[in-house]
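What follows is the residue order along each chain.
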Amino acid sequence: MKLAVFYDHAYAAPGVPSLARLAVAARTLHDAGVADLHKPPAFDMHLLRGLHTDAYLDAFDAGLEPLASTQGIRWNPGVRDATYAMLAGQLAAAQHAWSHGLAMNLARGFHHAVPERGSGFCALNGLALIAHVWPSMKVFVIDCDEHGGNGTEEFAARLPNLYNASMFGTRFGCLGNERSWPYEVRLARDGRRAHLRALAAIEQRLVRTAPDLVVYQAGADSHEGDPKSRSGFSTRALAERDLAVFRMVRTAGIPMLFVVAGGYQRAADIARINLTTARCALRVFSRA
Ligand SMILES: [Zn+2]
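This write-up is about the structure you can find in this document. Keep in mind that this is a model prediction, so the values were computed, not measured.

On to the packing of helix H8 (residues 235–252) against helix H9 (residues 267–285), then. Between H8 and H9, the shortest axis-to-axis distance is 9 Å and the interhelical angle comes to 35°. Relative to H9, H8 is oriented so that their crossing is right-handed. Two secondary-structure elements touch here, H8 through Thr235, Leu238, Ala239, Asp242, Leu243, Phe246, Arg247 and Arg250 and H9 through Ile273, Thr276, Thr277, Cys280, Ala281, Val284 and Phe285. Split by residue class, the contact of H8 with H9 holds nine nonpolar, three polar and three charged.

Written out as structure tokens, the structure is:
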């Protein structure tokens, strides 16, 4: 079994390291023989209407400053097109997950974006977008990026079919609400039992919610070698995290899509972590 990985060359906008590294990850997954790369169709930006404000969408589409660069990456047409391509990948991967059970979108940069602007290297919220496009589907985000999913949390307060469980080492304003549950765990400080307790709490929320889709943010910036990590996950601990999440979703029988989210080490080091995540997914989902 190979993993269906949604990716387009447009994702890796040149000159922007946090985007260009996605090309390294795509090559790494392909060369390791684990991925079937799928190119998403063109993105229809009108799907974003009603999710983000019109003022922000118009500014991001046309490059009107200062709004266009509020995510912290200087706007240019390549950054816009990369963002739209990754959003198209989100929708195509969600549909693939519904028909085949599992998909990966080799994308990043969603969970800090709020309705009125971008933030934290996230321009538009591709996690909330799935709930917005399919309002009859319950979408449950399991966010294990180093940083809390504050933007997704804000959208969860507005979209009754969006749920957000965020386990992080750095809170980033993620405080919780009726459909958003924050878990601060720094493995290096709090220990493995605290990590397992948080995972068990997320599993309980998942089972109680019984969603139609899980979207997993397999952030690589929790890794101990990452300059932004307060979590201090070793390579092995990150793989254990990924396996635990894939197993809980597989056991619950819920279609799943996952993205690579944050990572700020050298591109080759992040790509190796992304490859381990892909292998963990295959290991859990290829079992009959
Ligand atoms: Zn992050």
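From this point on, the discussion continues.
Looking now at the pairing of strand E6 (residues 180–184). With four of its five residues buried, E6 lies for the most part within the structure. Inspection of the sheet shows strand E5 (residues 162–168) paired to E6 by five bridges, in the parallel sense. Counterpart to Asn164 in the pairing with E6 is Ser180.

This part covers H9. For H9, which comprises 19 residues, the first-to-last C-alpha distance of 27 Å matches the rise-based estimate of 27 Å (1.5 Å per residue) to within 8%. Those residues of H9 that fall on the buried side of the exposure criterion are Ile270, Ala271, Ile273, Asn274, Thr277, Ala278, Cys280, Ala281 and Val284.

Our next topic: the environment of Phe6. Among the secondary structure elements, Phe6 is positioned in strand E1 (residues 3–6). Since 28 C-beta atoms lie within 10 Å of it, Phe6 is described here as buried. Distance in space between the C-alpha atoms of Phe6 and Lys39 is 5.8 Å, their sequence separation being 33 residues. Non-local contacts of Phe6, meaning those with residues more than four positions away in its chain, are made with His38, Pro40, Gly89, Ala92, Ala93, Ala103, Met104, Asn105 and Leu106.

So, about the environment of Arg250. Within the secondary structure layout, Arg250 lies in helix H8. Given 17 C-beta atoms within 10 Å, Arg250 falls into the partly exposed group. In this structure, the C-alpha to C-alpha distance between Arg250 and Glu184, residues 66 residues apart in sequence, is 24 Å. In this structure Arg250 touches Val284 and Phe285, once residues within four positions along its chain are discounted.

Strand pairing in a sheet relies on backbone hydrogen bonds. The paired strands run either parallel or antiparallel. Pairing in this open sheet of eight strands is parallel, and the strands run E2-E1-E3-E8-E7-E4-E5-E6 from one edge to the other. The open sheet has two edge strands, strand E2 (35–38) and E6, and neither has a second partner. Each strand axis lies, on average, 20° off the axis of its neighbour in the sheet, ignoring direction. With five bridges connecting them, strand E4 (residues 139–143) and strand E7 (residues 213–217) associate as parallel partners. The residue bridging Ile142 from the neighbouring strand is Tyr216, located in E7. Here helix H3 (residues 77–100) sits on the sheet and contacts E1, E2, strand E3 (102–105), E7 and strand E8 (256–259); the angle it forms with E3, its principal contact strand, is near 170°.

Bringing H3 into the picture now. In this model H3 runs 34 Å from its N-terminal to its C-terminal C-alpha over 24 residues, within 8% of the 34 Å that 1.5 Å per residue would give. In terms of residue burial, H3 counts as a mostly covered element, since 17 of its 24 residues are buried. One or two residues past the end of H3 sits Gly101, with phi positive at roughly 100°.

Here the focus is the packing of helix H1 (residues 17–31) against H9. One way to put it is that H1 packs onto H9 with a least axis distance of 8 Å and a crossing angle of 45°. Here H1 lies oblique to H9, going by the angle between them. For the pair H1 and H9, the crossing hand works out as right-handed. Contacts from Arg21, Val24, Ala25, Thr28 and Leu29 of H1 reach H9 at Ala267, Ala268, Ile270, Ala271, Arg272, Asn274, Leu275 and Ala278.

Residue Glu65 is joined to Pro66 through a cis peptide bond whose omega torsion reads 10°. With respect to the helices and strands, Pro66 occurs in the loop between helix H2 (54–62) and H3. At Phe172, a residue that is not glycine, the phi angle is positive and equals roughly 55°. As for its position among the elements, Phe172 is in the loop between E5 and E6. Its identity as a non-glycine residue notwithstanding, Ala210 has a phi of 50°, on the positive side. Here Ala210 shows up in the loop between helix H7 (192–209) and E7.

We now examine the pairing of E2. Bridge analysis of E1 against E2 gives four bridges, and the strand direction is parallel. Within the sheet, the bridge partner assigned to Ala4 lies in E2 and is Asp36.

Conventions we followed
By convention here, each chain's residues receive numbers from 1 onward along its written sequence. Predicted model: local features are reported for residues with pLDDT of at least 70 only, side-chain atom pairs are reported and counted for 80 or more only, and whole-chain, interface and lining totals are derived from all residues. Only the stretch in contact is used when fitting a helix axis, every axis being a line fitted to C-alpha atoms; angles between N-to-C directions are given from 0 to 180 degrees. The secondary structure listing takes helices from DSSP runs of H or I that are at least 4 residues long and strands from runs of E that are at least 2 residues long, numbered from the N terminus. Each crossing is labelled by how the near helix is turned from the far one, with a counterclockwise turn of less than a right angle marking it left-handed and a clockwise turn marking it right-handed. Two residues qualify as a contact pair if the distance between their C-beta atoms, derived from the backbone, is within 7 Å. Classes in brief: Ala, Val, Leu, Ile, Met, Phe, Trp, Tyr, Cys and Pro nonpolar; Asp, Glu, Lys and Arg charged; the others, Gly included, polar. With C-beta atoms placed from the backbone, a residue is labelled by how many other C-beta atoms lie within 10 Å of its own: buried for 20 or more, exposed for 12 or fewer, partly exposed between the two. Each pair of strands is called paired provided DSSP finds at least two bridges between the two strands. Take the residue count of a helix, subtract one, and multiply by 1.5 Å to get its expected span. For classification purposes, an angle smaller than 35 degrees is called roughly parallel, one larger than 145 roughly antiparallel, one from 65 to 115 roughly perpendicular, and anything else oblique.

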